[in-house]
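Structure assessment
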Amino acid sequence: MLSALETAQSFAYQPENGRWRVCGKDCNGFALTVIVLVDEHAVIVWTVF
């Protein structure tokens, strides 16, 4: 999951829920989508698929 965030190829803000959809690759090179919530103190991973 961290690898997907570091290698993000695209990202989109979702205004309906305040989260970000980040598409990248895992450490084995497989596509991974991570939904994250960014607040003032942390990045919280919500869903990984």
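In what follows, the structure referred to is the one given above.
Quick look at the overall build of the chain now. When helices and strands are counted, the chain shows one helix and four strands. Listing each helix as α and each strand as β along the chain from the N terminus yields α-β-β-β-β. Its C-alpha atoms give the chain principal-axis dimensions of about 30 × 20 × 15 Å. Relative to its 49 residues, the chain shows a buried fraction of 22%. Considering only contacts in the chain between residues 6 or more positions apart, those separated by 24 or more positions represent 14%. Surface accessibility of the chain: about 3500 Å² in total, with carbon and sulfur atoms responsible for 59%.

This part takes up a nonpolar patch on the surface. On the surface, a nonpolar cluster with roughly 220 Å² of combined accessible area is contributed by Met1, Val45 and Val48. Here Val48 shows up in strand β4 (residues 43–48).

Here the structure, examined in full by the defined rule, presents two aromatic pairs. Look at Phe11 and Trp20: their rings are 5.9 Å apart centre to centre, the planes differ by 55°, and that puts the pair in the tilted class. Assessed through its relative accessible area of 60%, Phe11 is described here as exposed. Judged by relative accessible area, which is 28%, Trp20 ranks as partly exposed. Aromatic ring contacts, followed pair by pair, group Phe11, Tyr13 and Trp20 into a single cluster.

Time to look at the sheet that holds strand β1 (residues 10–14). Taking strand neighbours across the sheet as the criterion, the four strands line up as β1-β2-β3-β4 in an open arrangement whose pairing is antiparallel. The open sheet has two edge strands with one neighbour each: β1 and β4. Between one strand and the next, the sheet's axes are offset by a mean angle of 30°, whatever the strand orientation.

We now examine the nonpolar core. Generally speaking, nonpolar side chains in soluble globular proteins are found buried as a group. Listed in full, the five residues of the largest apolar core are Ala4, Val22, Leu32, Val34 and Val36. The contacts of Leu32, once residues within four sequence positions are left out, are Met1, Ala4, Val22, Cys23, Gly24, Lys25, Asp26, Val48 and Phe49.

Calculation criteria
- Residues numbered from 1 in each chain as written.
- Predicted model: local features only at pLDDT ≥ 70, side-chain atom pairs only at ≥ 80, totals over all residues.
- Heavy atoms only, no water.
- Helix = DSSP H or I, 4+ residues; strand = E, 2+ residues; numbered from the N terminus.
- Buried < 20%, exposed > 50% of the residue type's maximum accessible area, 1.4 Å probe, protein only.
- Contact = heavy atoms within 4.5 Å.
- Areas by Shrake-Rupley, 256 points an atom, 1.4 Å probe, with all protein chains shown as cover.
- Patch = residues over 30% accessible without salt bridge, like charges linked within 9 Å, V, L, I, M, F, W, Y side chains within 5 Å.
- Salt bridge = Lys/Arg side-chain N within 4 Å of Asp/Glu carboxyl O.
- Phe/Tyr/Trp six-rings, centres within 6.5 Å; stacked < 30°, edge-to-face > 60°.
- Pairing = 2+ DSSP bridges.
- Axes fitted to C-alpha atoms, helices over the stretch in contact; angles between N-to-C directions.
- Core = buried A, V, L, I, M, F, W, Y, C linked by side-chain atoms within 4.5 Å.

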